[in-house]
Amino acid sequence: MTHPDVRRVVIVGAGHGGANVAALLRQHGYDGTITLVGDETVWPYQRPPLSKDYLKGAMSDDDLLIKPKDFYAEQRIDIRFGDGVQVVDTSARTVTLGGGEVIGYDALVIATGAAARQLPVDGADLEGVHYLRNHDDALRLGNATVPGARLVIVGGGYVGLEVAASARHLGAAAVVLEREDRALARVAGADLAGFLAGYHAERGTRICTSADVVRLDGDEAGKVTAVVLADGTRHECDAVLVGVGAIARTEIAEAAGIACDGGVLVDEQGLTSVAGVYAVGDVTRRPLDHFPGRHRLESIPSAVEQAKQVVGHILGEAARPHEVPWFWSDQYDLKIKIAGLVGFADRAVLRGDPASGKFAVFHLSGDAVVAVETVNSAPEFMVAKKLIASSAHVDAAQLADPSVSLRDLVS
Ligand code: FAD
């Protein structure tokens, strides 16, 4: 049953979170108006393939779409693409677009995502320096990633490593420069990071760690030619991808007086500090079961889960239990899946042999599994999610022993 006061829902941001809120509202029987406002000119699309199959040329623009173009008219979802929301007025309950249009709402959903963090060094504005956050970025990077091109990737996070794998597939040379002492330092355990460094090296990509980029050099035409490190090392290149993280796009929320702290602060139903205003996806910092505090996740499953929470609240449905946070990464023939939060663990247990290209790393806090990283091991991933959800206590020796069925460890 729709909340009787909600007849007009406005969604700001037509990415994964925003498009899912719109679709789920109709799917769950909401029959009021829905306006989906996006500042990009293209129809809502999936971002994960931008560093993977789309970059490799293995997906078309239509394959990228979250929903077919007809879907929005069929579902009576009013779209405003190519003009972003500039102002949110939470007293008048209106949003104002760049072109001046004012749209009233009963419920507002902020789904503005995140922006690529800029590299704060001289030369970062040279031609040939790329970021990868949206469709146009991927087109430009794809044009630069041609056979024989030398690509330097600044940042050894998941996006950087995925682009390195795609670049090699396309016949370009790739070097990854990571400031920390290992790749994926903020987001993965040392075992997985070590395995991936070796896997990339075997396929021709060097991951240089403790590499502090201080300057980018260019030629007279203003095109990047080299990345220079603090120790003087120069990496000559034809193009650079900067993949040093993303920052929540909180500008319009902050200006509207909605509580933000490195992200829009939301509760377990996506509600912000202001009545009638929700937020979902990369722009939020959200609570999670088992992991105290609020967390900013950048993952499709989290955005979709929050879309369900918000729709449930707008429609007056009972709150649903939290899902275990998870995401995936594809690099070469590796299907990597991660669940839980590695940062909450105090030790790691390896199950399987990395040399076989198929293994799992369980991360424990005391005897409880708080996170898992799996490589080409989908069944282990499914069971591990259940272990995390139930806060099950496990015997580390059994966990490490592939002859012990994981299912026997799920209570
Ligand atoms: P977005 O999808 O970023 O959408 C936000 C939209 O809001 C954008 O279109 C933005 O332009 C628009 N917007 C911003 N401000 C305004 C405004 N004022 N008015 C109107 N519109 C506005 N996740 C995974 O789980 N697995 C992966 O393998 C994976 N790979 C990724 C690879 C890449 C290259 C990238 C960039 C991300 C990847 N992610 C992956 C993360 C995932 O794509 C995001 O978590 C997800 O897209 C978040 O959805 P969102 O709706 O919060 O934000």
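Just so it is clear, the structure is predicted and the values come from calculations on it, not from any experiment.

### Some words on the overall build of the protein chain
Counting its secondary structure elements, the protein chain contains ten helices and 26 strands. A compact globule built from 411 residues should have a C-alpha radius of gyration of about 22 Å, and the protein chain, at 22 Å, falls within 12% of that. With the principal axes as the frame, the protein chain shows a C-alpha extent of 65 × 60 × 35 Å. Scored against the burial criterion, the 411 residues of the protein chain give a buried share of 52%. When contacts within the protein chain are restricted to residue pairs at least 6 apart in sequence, those whose partners lie at least 24 apart make up 60%. On the protein chain, roughly 17500 Å² of surface is accessible, and the fraction owed to carbon and sulfur atoms is 49%. When the 39 positive and 54 negative side-chain charges of the protein chain are each reduced to one mean point, those points stand 3 Å apart.

### Points about unusual backbone geometry
Positive phi, close to 55°, is recorded for arginine 76, a residue that is not glycine. Positive phi is not limited to glycine here, since tyrosine 332 has a value of about 55°. As for its placement among the helices and strands, tyrosine 332 is situated in the loop between β22 (326-331) and β23 (334-340).

### Focus: the domain arrangement of the protein chain
For the protein chain, the assigned domains are domain 1 (8-115 + 246-314), domain 2 (118-242) and domain 3 (333-409). Relative placement of domain 1 and domain 2: their C-alpha centres are 30 Å apart. Taken together, the contact between domain 1 and domain 2 spans 15 residues of the former and 14 residues of the latter. At the boundary of domain 1 with domain 2, total buried surface from both sides reaches about 1300 Å², with 61% on carbon and sulfur atoms. For domain 1, the biggest contributors to the area lost against domain 2 are Ser51, Leu55 and Lys56; these three give 43% of the whole. Connecting domain 1 to domain 2 are two salt bridges. Glutamate 162 is the partner of lysine 52 in a salt bridge, and the nearest nitrogen-oxygen pair spans 3.2 Å. Counting across the domain 1 and domain 2 interface gives nine residue pairs in polar contact (both at pLDDT 80 or more). Taken together, the residues that form the side of domain 1 that touches domain 2 break down as eight nonpolar, one polar and six charged.

### Quick word on the site of the ligand
Lining the immediate surroundings of the ligand are 31 residues, of which Gly17, Asp39, Glu40, Lys52 and Asp282 lie closest. Between the ligand and alanine 111, the relevant distance is 3.4 Å, taken from an oxygen atom to a main-chain nitrogen or oxygen of the residue. Taking isoleucine 300, its main chain carries an N or O atom lying 3.0 Å from an oxygen atom of the ligand. Protein chains shield 95% of the accessible area of the ligand, which is 990 Å² for the free molecule. Going through the elements one at a time, α1 (16-27), β2 (33-38), α8 (300-314) and β22 are the ones with two or more residues in the shell around the ligand. Looking at the shell around the ligand residue by residue, the class counts come to twelve nonpolar, eleven polar and eight charged. Counting the residues that make up the shell around the ligand, at least three belong to each of domain 1 (8-115 + 246-314) and domain 2 (118-242).

The rules behind these values
Residues numbered from 1 in each chain as written. Predicted model: local features only at pLDDT ≥ 70, side-chain atom pairs only at ≥ 80, totals over all residues. Heavy atoms only, no water. Helix = DSSP H or I, 4+ residues; strand = E, 2+ residues; numbered from the N terminus. Rg over C-alpha atoms; globule rule 2.2 N^0.38 Å. Buried < 20%, exposed > 50% of the residue type's maximum accessible area, 1.4 Å probe, protein only. Contact = heavy atoms within 4.5 Å. Areas by Shrake-Rupley, 256 points an atom, 1.4 Å probe, with all protein chains shown as cover. Lys, Arg positive; Asp, Glu negative; His and termini not counted. Charge placed at Lys NZ, Arg CZ, Asp CG, Glu CD. Domains from an automatic or database assignment. Buried area = accessible area lost by both parts, 1.4 Å probe. Salt bridge = Lys/Arg side-chain N within 4 Å of Asp/Glu carboxyl O. Polar contact = N/O pair within 3.5 Å; in protein donor to acceptor, adjacent residues only side chain to side chain. Nonpolar A, V, L, I, M, F, W, Y, C, P; charged D, E, K, R; others polar. Near = heavy atom within 4 Å.

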